[in-house]
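Residue-level structure breakdown
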Amino acid sequence: MFFKMRKKKLTVLSGAGISAESGIATFRDSNGLWEGHDVHAVATYEGWMKNKSLVLEFYNQRRRKALDVQPNRAHEVLAELEKNFDVTIITQNVDDLHERAGSTKVVHLHGELFKSRSTVDENLVYDIEGWELKLGDQCELGSQLRPHIVWFGEMVPMMEVAIEESMNTDIFLVVGTSLLVYPAAGLIDYVPDEVPKYIVDPKIPVINRVSNLHAIEEKASKGLETVADELIKDFS
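Presented here is a report on the structure given in the accompanying data block. This one's a predicted model, so the numbers in the text were calculated from it and none came from an experiment. (Residues numbered from 1 in each chain as written. Predicted model: local features only at pLDDT ≥ 70, side-chain atom pairs only at ≥ 80, totals over all residues. Heavy atoms only, no water.)

Side note on helix 7 (residues 159-167)
The set of residues buried in helix 7 consists of Met159, Ala162, Ile163, Glu165 and Ser166. For helix 7, the angular spread of the buried residues around the axis is 160°, confining them to a single face. Of the surrounding secondary structure, the elements contacted by the buried residues of helix 7 are strand 1 (9-14), strand 4 (86-91) and strand 9 (171-175). (Buried < 20%, exposed > 50% of the residue type's maximum accessible area, 1.4 Å probe, protein only. Helix = DSSP H or I, 4+ residues; strand = E, 2+ residues; numbered from the N terminus. Arc of directions from axis to C-beta. Contact = heavy atoms within 4.5 Å.)

Okay, here's the thing in C-alpha cells:
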C-alpha cells in the first residue's frame, strides 16, 4: 500500500519589488507622492470623502497601467512551485499579476485593484470589468462603489488569515518587500523559530530578531530562480 507524501506548506509574502519588474510603480516615492499625488488625497477615507472623482480617476489610471503589463519571471516561478509545494501567497500588492501567472491561493492584504465594494456594506464586493469605475456606479443597495483597497487608517481584514498561514507553514519566503511596512512586516514574527525563512531582495533589511534566515540579495526574478531550485532539492 502506497501513501502519497503531503506537500510541504510554503507561505510567500510578496511586496512591490516583485511587481516593479513588470513595470508597476512602487507605492510611493521618497518625496511622499504616489504617481504625483499626495497619498492622503487618494489613499485615505478622508480623501475619498473630500473628492470622490479624484480618487476614482486615480485608481482608474492604475488599472489602465496594470492591464498593459504582464507577469514577470518571479510571478511565474511562484506559480510553478505549486507543482512541488502547497503554496499560499500573501501579497501587499493590489494588482492581479500573481493570479495571471497561475498562482491559485493568493491573499491580498491591501485589497484588489480590479474589484470595487459598497460604501455601506463592505461585504458587497464586485469585479470591475475593464479599468473604469465611475461616479454614479452603485451597489445593489444604491450606494456609490469605491475601490476595494485598504486605505491608510483602515483595518486590514485579511490580516488574521495571513497570521494563521504564517503560523502553520513549513517554509516562509519573503520577496520584494523591505519588511518595513506594518502590519505585513510583522508576519515573519509569527513564523515558528524552527521554520526555514528565505528573503529575496536587492537590499536585505537588518532583521536580527529572526532566526533560521537565508538571505538572497538579488532582484525578485533572479533570486527566486535560485531559491526555487534550493527548495525543490531540499524539501520536495
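What follows picks up the thread again.
Quick look at the environment of Cys139
As for its position among the elements, Cys139 is in the loop between strand 7 (125-127) and strand 8 (145-149). The class for Cys139 is buried, based on a relative accessible area of 6%. Sequence spacing of Cys139 and Ile188 is 49 residues, and the spatial spacing of their C-alpha atoms is 37 Å. In contact with Cys139, not counting residues within four places along its chain, are Ser118, Leu124, Tyr126 and Leu145.

Focus on the pairing of strand 8
On a regular strand, one side chain projects to one face of the sheet and the next to the other, so that they alternate. Taken across its five residues, strand 8 has five buried, putting it largely inside the fold. Bridging between strand 6 (residues 111-118) and strand 8 involves four bridges; their strand directions are antiparallel. If you follow Gly111 over to strand 8, its bridge partner there is Ile149. (Pairing = 2+ DSSP bridges.)

Structural notes on the sheet that holds strand 6
Pairing is antiparallel across the open sheet formed by three strands, whose spatial order is 7-6-8. Strands at the two margins of the open sheet, each flanked by one partner only, are strand 7 and strand 8. For this sheet the average axis-to-axis angle between neighbouring strands, irrespective of direction, equals 45°. Here strand 6 runs beside strand 7; their pairing, made up of three bridges, is antiparallel. Following the sheet pairing, Lys115 is matched in strand 7 by Asp127. Across the sheet, helix 4 (residues 52-67) touches strand 6 and strand 8, and the angle it forms with strand 6 is around 140°. (Axes fitted to C-alpha atoms, helices over the stretch in contact; angles between N-to-C directions.)

Details of the pattern of salt bridges
Pairing is possible between side chains that carry opposite charge, provided their charged atoms lie close to one another. Inspection of every chain in the model, using the stated rule, returns 11 salt bridges. For the salt bridge of Glu80 with Arg73, the shortest nitrogen-to-oxygen distance reads 2.9 Å. With relative accessibility at 34%, the residue Glu80 sits in the partly exposed group. A salt bridge links Lys222 to Glu218; the shortest N-O distance between them is 3.9 Å. By sharing partners, the salt bridges in this structure join Arg73, Glu76, Glu80 and Glu225 into a single network. (Salt bridge = Lys/Arg side-chain N within 4 Å of Asp/Glu carboxyl O.)

Here we look at the pairing of strand 1
Taken across its six residues, strand 1 has six buried, putting it largely inside the fold. Neither face of strand 1 is open: one carries Lys9, Thr11 and Leu13, the other Leu10, Val12 and Ser14, and all of them are buried. Where strand 1 lies against strand 4, six bridges are found, and the strand directions are parallel. If you follow Lys9 over to strand 4, its bridge partner there is Asp86. Pairing of strand 1 with strand 9, which is carried by five bridges, proceeds in the parallel orientation. Residue pairing across strands places Val12 opposite Leu173, the latter belonging to strand 9.

Side note on the sheet that holds strand 5 (residues 106-108)
Read from one edge of the open sheet, six strands run 5-4-1-9-10-11, paired in parallel fashion. The open sheet has two free edges, formed respectively by strand 5 and strand 11 (213-216), since each of these has just one partner strand. Going from strand to strand, the sheet's axes swing by 15° on average, the running direction of each strand aside. Strands strand 1, strand 4, strand 5 and strand 9 of the sheet are contacted by helix 7, whose axis makes an angle of about 140° with strand 4.

Quick word on the side chain of Gln144
Following the sequence through the fold, Gln144 ends up in the loop between strand 7 and strand 8. Here Gln144 falls in the buried class, since its relative accessible area comes to 14%. Within polar-contact distance, the side chain of Gln144 engages the backbone oxygen of Lys134 at 3.1 Å. Within the structure, Gln144 has its side chain in polar contact with the backbone nitrogen of Gly136 (distance 2.7 Å). (Polar contact = N/O pair within 3.5 Å; in protein donor to acceptor, adjacent residues only side chain to side chain.)

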